[in-house]
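Architecture and fold: a report
Spelled out, the chains give:
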Amino acid sequence: MKKKIAFFDTKPYDKLWFDKFNENYEITYFENKLNKNTAKLASGFDGVCAFVNDEIGKETIDVLYEEGIKVIAMRSAGYNNVDVKAAYGKIHIVRVPEYSPYAVAEHAMALLLTLNRKIHKAYIRTRDFNFSLSGLMGIDLHDKTIGVIGTGKIGMTFIDICKGFKMNVIAYDPYPRQNTDINYVTLEELFKTSDIISLHCPLTEETKHIINKDSLALMKDGVFIINTSRGALVDSDALLNALNNGKVRGAGLDVYEEESEFFFEDLSGTNIKDDILSLLVSRPNVIITSHQAFFTEEALNAIAKVTLNNLDDFYADKFLSNEICYRCEKVKDKQKCLRERNSRCF
Ligand code: NAI
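Residues numbered from 1 in each chain as written. Predicted model: local features only at pLDDT ≥ 70, side-chain atom pairs only at ≥ 80, totals over all residues. Heavy atoms only, no water.

**Examining unusual backbone geometry**
Positive phi, normally seen in glycine, also occurs at Phe-264, with a value near 80°. For Phe-264, the position within the fold is in the loop between strand 11 (248-253) and helix 10 (275-282). Of note, the phi angle at His-291 is positive, near 50°, even though the residue is not glycine. Note that His-291 resides in the loop between strand 12 (286-288) and helix 11 (297-315). (Helix = DSSP H or I, 4+ residues; strand = E, 2+ residues; numbered from the N terminus.)

Spelled out as structure tokens, the structure:
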């Protein structure tokens, strides 16, 4: 009999890609986000598949566990919305660590190029036969210093793109890559010397609000901020102030601190009860996209294949190469994790 998997927070494109590759599972696509109240929907299922804005805290985990769920397959790379400590010993968490770093890195560059050359404004103007150039001036990216925070798969891909533009790349990562020509600097130096800052680190206790009032104060006047990682890396209130006083020349945001209430939904015609989001959206030098950086054909293809493969490995009692737990996610605890010894995390 086919295992039954409850997919949460699904959209038509999820069904399209998963149905294309699924052979082994009976999938039910719920539109609801997974949280402590909706977790009961997983009753009678064998596994759960979730996404970036599902709330998989301790209470959700407990309900799922009571319902007999032994695996949550995240169809995402990030898993900051999962309480991995609460899940440990109860529910295995698997994810898609890499599906297309190009998708996200290219989107980060698209945000920067659009903001800098004001393509979004030019597009609206010329549709109205307004061919004036007033207010559309940008800067050359060539020779500008770009500070990349996080040099993982996406950060490195973004660096390659920036090098193609002959930009001067500097980077910060607490776990710098060995044997590369990357110019690693301290976070403070990066803040002080970058013309553009792009975030490519995960959301953790250390990185929450890494862009805040104090770090913004260190930055050059007229800095561009690009965030395609996670919304809570940026203190949105502080960013708004910095946009108001001209410290920040433009912000390209694919993610937003409080996005879970809004992103991925068509809310046109409704009253948005988030003043900061409304103010950010209304600024001409802010571009917000709705967590779409991952959204390419290649990425969705890979997400579906890897997620289904993760489930296959789980039900075949195999080693889970894409499992994550609170031990293996932290470098200092890595050695304690059984996964280091080619076993499941617990
Ligand atoms: P990765 O795990 O390959 O790289 C993350 C890098 O951040 C690592 O080199 C790590 O050492 C570094 N890092 C850890 N703590 C740090 C800190 N305190 N300061 C600076 N760097 C730190 O992850 P990958 O695949 O490059 O993804 C990066 C992030 O992009 C994900 O965590 C996720 O939040 C976001 N993402 C966003 C998507 C979107 O659609 N907008 C899609 C996929 C990922």
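**What about the sheet that holds strand 10 (residues 223-227)?**
Reading across the sheet, the seven strands line up as 8-7-6-9-10-11-12 and stay open at both edges, with parallel pairing between neighbours. This sheet does not close on itself; its edge strands, each paired only once, are strand 8 (183-184) and strand 12. In this structure, strand 11 lies alongside strand 12, joined through three bridges in parallel fashion. In the strand pairing of strand 12, Leu-253 is matched with Ile-288. Packed onto the sheet, helix 6 (residues 153-164) meets strand 6 (145-149), strand 7 (168-172) and strand 9 (196-199) and runs at close to 170° relative to strand 6. (Pairing = 2+ DSSP bridges. Contact = heavy atoms within 4.5 Å. Axes fitted to C-alpha atoms, helices over the stretch in contact; angles between N-to-C directions.)

By themselves, these figures tell us nothing about what the structure is for.
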